[in-house]
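Architecture at a glance
The primary structure of each chain is shown beneath.
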Amino acid sequence: MNKHSPTKKKYSKPSEGELLAITVLDIEKRTIGWSPGLKRSVYINEFTQLEVVEELKRIREAEVVTAYDQMNDKTVFIELDELEQEQFNEVYDQYLEAGGQIFYTRNKEGRKMRSIFMFDKSAEIKEGVDVPEKKLLFG
């Protein structure tokens, strides 16, 4: 838990086995690097200063899913490796065909936490749900 707010998590990633209902907003290939100073991954684009890029470790390209976390009312960014991307694509294709709900969780495999996506065709989508982040991204 975040020391400033006992009810909100500091990070948007779910705990192992915790399910989040998500709405996919965008999928794009991004360049990402690890910032030792910030102790987190940062996205690199054409506006990123050269000094910042030179300090980054483990620079890589990956598919990043931008999604709306319905349970916590916030936007999450999910970086996918090749195996996770294949699994996500299968679930997303089912969702596009049948509607329903996509759920996101993480499970520990060895020393790594792996993103897992699940599809529930029977989940009801409520009409008229307002997603403010989506309006900002596409508006």
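To start, this report covers the structure provided alongside it. On a predicted model such as this, the values are computed, not experimentally measured, just so you know.

Right, let's talk about the nonpolar core for a bit. Residues I22, V65, I78, F88, I102 and F117 are the most contacted members of the largest nonpolar core, which totals 14 residues. Of all the secondary structure elements, the ones that give two or more residues to this core are β1 (20-35), β3 (57-69), β4 (74-80), α2 (82-98) and β5 (101-109).

Our focus in this paragraph is the pattern of salt bridges. Overall, the coordinates contain seven salt bridges when judged by the stated rule. Among the ionic pairs, K29 bridges to E63, the shortest N-O distance being 3.7 Å. Taken together, the residues K29 in strand β1 and E63 in strand β3 connect sequence positions 34 residues apart. Two residues, D81 and K112, come together in a salt bridge whose shortest N-O distance is 3.8 Å. With D81 in the loop between β4 and α2 and K112 in strand β6 (residues 112-120), the pair connects residues that are 31 residues apart, well separated along the chain. On the accessibility criterion, K112 (40% relative accessible area) is partly exposed. Taken together, the shared-partner salt bridges in this structure form one network comprising D81, E84, E109, K112 and R114.

This part takes up unusual backbone geometry. Of note, the phi angle at K39 is positive, near 60°, even though the residue is not glycine. Counting through the fold element by element, K39 comes out in the loop between β1 and β2 (40-44). Residue class for K39 comes out exposed when judged on its relative accessible area of 64%. In this structure, R58 is a non-glycine residue whose phi angle is positive, near 50°. Among the structural elements, R58 can be located in strand β3. Owing to a relative accessible area of 56%, R58 belongs among the exposed residues under this scheme.

A word on the side chain of Q101. By the secondary structure assignment, Q101 is in strand β5. Of note is the side chain of Q101, whose polar atom sits 2.9 Å from the backbone oxygen of I22.

Tallying each qualifying case throughout the model produces five aromatic pairs. Aromatic pair F88 and Y92: ring centres 5.4 Å apart, planes at 15°, arrangement stacked. In this pair, F88 and Y92 both sit in helix α2, four residues apart, roughly one turn of the helix. Comparing F88 with Y92 shows no difference in burial state: the two are buried. Taken together, the ring pairs in this structure connect F88, Y92, Y95, Y104 and F117 into an aromatic cluster. Lying over the aromatic face of Y43, R30 brings its terminal NZ or CZ to 4.0 Å of the ring centre.

As a further point, take the side chain of E84. For E84, the location among the structural elements is in helix α2. A distance of 2.7 Å separates the side chain of E84 from the backbone nitrogen of S115, its partner in a polar contact.

Conventions adopted
- Residues numbered from 1 in each chain as written.
- Predicted model: local features only at pLDDT ≥ 70, side-chain atom pairs only at ≥ 80, totals over all residues.
- Heavy atoms only, no water.
- Core = buried A, V, L, I, M, F, W, Y, C linked by side-chain atoms within 4.5 Å.
- Buried < 20%, exposed > 50% of the residue type's maximum accessible area, 1.4 Å probe, protein only.
- Helix = DSSP H or I, 4+ residues; strand = E, 2+ residues; numbered from the N terminus.
- Salt bridge = Lys/Arg side-chain N within 4 Å of Asp/Glu carboxyl O.
- Polar contact = N/O pair within 3.5 Å; in protein donor to acceptor, adjacent residues only side chain to side chain.
- Phe/Tyr/Trp six-rings, centres within 6.5 Å; stacked < 30°, edge-to-face > 60°.
- Lys NZ or Arg CZ within 6 Å of the ring centre and 35° of its normal.

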